[in-house]
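Fold and contact review
What follows is each chain in one-letter form.
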Amino acid sequence: MEIIYASNYEDMSRKAAIAIAQQVIKKPTSVMGFATGSTPLRTYEILIEFHRQGIVDFSSINTFNLDEYVGLPSNHPQSYSFFMFKNLFRQIQLDPSRIHIPSGTASDLLQECAVYEEAIQSLGGIDFQLLGLGPNGHIGFNEPGTHLNSVTHVVSLSQETIKANSRFFSSLEEVPKRAITMGIKSIMNTRKIILLVSGEKKAEIVHRTLSGPINEEVPASVLQLHPNTTVIIDQSIL
Ligand code: F6R
């Protein structure tokens, strides 16, 4: 793993946006994996600036998102689909046919997972995956204990994650209890990974991610085994 210490959130975000821009300029048809959450928000704003300035043309990329809440339709303000269209896709004018996000309202969730995994394969796999780090070491919604061999699947969210994500909902009860997520194996199969680390309560978990034992207790620790991962850490949180 390559580890880059950024001086603050802005610096981390700019470094990530530049890496994404370089990927898309080098390969305009890149298959990009995106994350939601607070961490990549500024990165997405900078990508929108690059688009408006004509620095990067995103029109030929395909995208896959890591995860989606079960039970929230795509027009629900807290769905990850809504988040992505609002904070990135609509603003870079990406054709919706190029956007892939698991449907949390599919009638057959297991089939939805299988179809999602097949869609990733049919586009040749993900070239570049952006990740955030959960306070409990999760990546995507792969909570502690998730099998390292997992592909896209339905998960029950941990109490810790439900509590952490309740900041976006009006009450704890409103937070969905399940989600669809790309699995650890799906993430490990991506060709290039950038893990962004910023936000409260991440100092200990980032240490365990980078230098702790590789095991299911800290799902992100498996990234130590990925051949092409860069971790960009906002060092102001350390
Ligand atoms: C989001 C995702 C999650 C987040 C993680 C960190 O699609 O997959 O793993 O990246 O929960 O969230 P923030 O950035 O809000 O601290």
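Before going into details, it helps to say that this report is about the structure given with it. Since the structure is predicted, the reported quantities are computational estimates derived from the model, not experimental observations.

1. Regarding the nonpolar core
Within the largest apolar cluster, 31 residues are counted, with the highest numbers of intra-cluster contacts made by Ile20, Phe34, Tyr44, Leu47, Met84, Leu88 and Phe89. Listing elements by their share of this core, those giving two or more residues are helix H1 (9–26), strand E2 (31–34), helix H2 (41–52), helix H3 (80–89), strand E6 (128–132) and strand E9 (192–197). For this core, the element with the most residues is H1, which contributes seven residues. Ignoring anything within four residues of it in the chain, the contact list for Leu47 reads Ala17, Ile20, Ala21, Phe58, Leu88 and Ile92.

2. Digging into H3
Summarising burial for H3: seven of the 10 residues are buried, a large majority. The inward-facing, buried residues of H3 abut E2, H2, strand E3 (62–65), strand E4 (67–69), strand E5 (99–100) and helix H5 (159–165).

3. Some thoughts on the pattern of salt bridges
Taken as a whole and assessed by the stated rule, the structure comprises eight salt bridges. A salt bridge links Arg42 to Glu49, with the shortest nitrogen-to-oxygen separation between them at 3.6 Å. For Glu49, a relative accessible area of 29% translates into the label partly exposed.

4. What to know about unusual backbone geometry
Glycine aside, the phi torsion of most residues is negative, and most peptide linkages are trans. For Gln93, which is not glycine, the phi dihedral falls at a positive 55°. With respect to the helices and strands, Gln93 occurs in the loop between H3 and E5. Accessibility expressed as a relative area gives 61% for Gln93, which makes it exposed. A positive phi angle, near 60°, is found at Lys201, a position not held by glycine. Within the secondary structure, Lys201 sits in the loop between E9 and helix H7 (203–211).

5. Considering the site of the ligand
The ligand sits among 14 residues. The nearest are Thr36, Thr39, Asp67, His138 and Gly140. Ser38 is positioned with one of its backbone polar atoms (N or O) 2.9 Å from an oxygen atom of the ligand. Between the ligand and the protein, one listed contact pairs an oxygen atom with a backbone N or O atom of Gly140 at 2.7 Å. Burial of the ligand by the protein amounts to 92% of the accessible area it has alone, namely 410 Å².

6. With respect to the sheet that holds strand E1 (residues 2–6)
Working definition: the strands of a sheet are paired by backbone hydrogen bonds and lie parallel or antiparallel to each other. As summarised here, the arrangement of the seven strands in space is E1-E10-E9-E6-E2-E3-E5, forming an open sheet in which the pairing is parallel. In this open sheet, the two strands that pair with only one neighbour each are E1 and E5. Pairing geometry for E6 and E9, over five bridges, is parallel. Residue pairing across strands places Leu130 opposite Ile194, the latter belonging to E9. Each of E3 and E5 is contacted by helix H4 (residues 109–122), which is oriented at about 145° to E3, the strand it contacts most.

7. Looking at a nonpolar patch on the surface
Taken together, the side chains of Met1, Ile3, Tyr5 and Leu238 make up a nonpolar region of the molecular surface, amounting to roughly 380 Å² of accessible area. Mapped onto the fold, Leu238 is located in the segment after strand E10 (229–234).

8. Focus: the pairing of E10
Within E10, six of the six residues are buried, leaving the element largely enclosed by the surrounding structure. Of the two faces of E10, the one holding Thr229, Val231 and Ile233 and the one holding Thr230, Ile232 and Asp234 are both buried throughout. Pairing analysis gives five bridges linking E1 to E10, with the strands arranged parallel. Looking at the pairing, Ile3 lines up with Val231 of E10. Note: E9 against E10, five bridges, orientation parallel. In the sheet register, Ile193 faces E10, and the bridge partner there is Thr229. Running through H7, the crossover from E9 to the neighbouring parallel element E10 is right-handed.

Cut-offs applied
- Residues numbered from 1 in each chain as written.
- Predicted model: local features only at pLDDT ≥ 70, side-chain atom pairs only at ≥ 80, totals over all residues.
- Heavy atoms only, no water.
- Core = buried A, V, L, I, M, F, W, Y, C linked by side-chain atoms within 4.5 Å.
- Buried < 20%, exposed > 50% of the residue type's maximum accessible area, 1.4 Å probe, protein only.
- Helix = DSSP H or I, 4+ residues; strand = E, 2+ residues; numbered from the N terminus.
- Contact = heavy atoms within 4.5 Å.
- Salt bridge = Lys/Arg side-chain N within 4 Å of Asp/Glu carboxyl O.
- Near = heavy atom within 4 Å.
- Polar contact = N/O pair within 3.5 Å; in protein donor to acceptor, adjacent residues only side chain to side chain.
- Areas by Shrake-Rupley, 256 points an atom, 1.4 Å probe, with all protein chains shown as cover.
- Pairing = 2+ DSSP bridges.
- Axes fitted to C-alpha atoms, helices over the stretch in contact; angles between N-to-C directions.
- Patch = residues over 30% accessible without salt bridge, like charges linked within 9 Å, V, L, I, M, F, W, Y side chains within 5 Å.
- Right-handed = clockwise from strand over helix to strand, strands pointing away.

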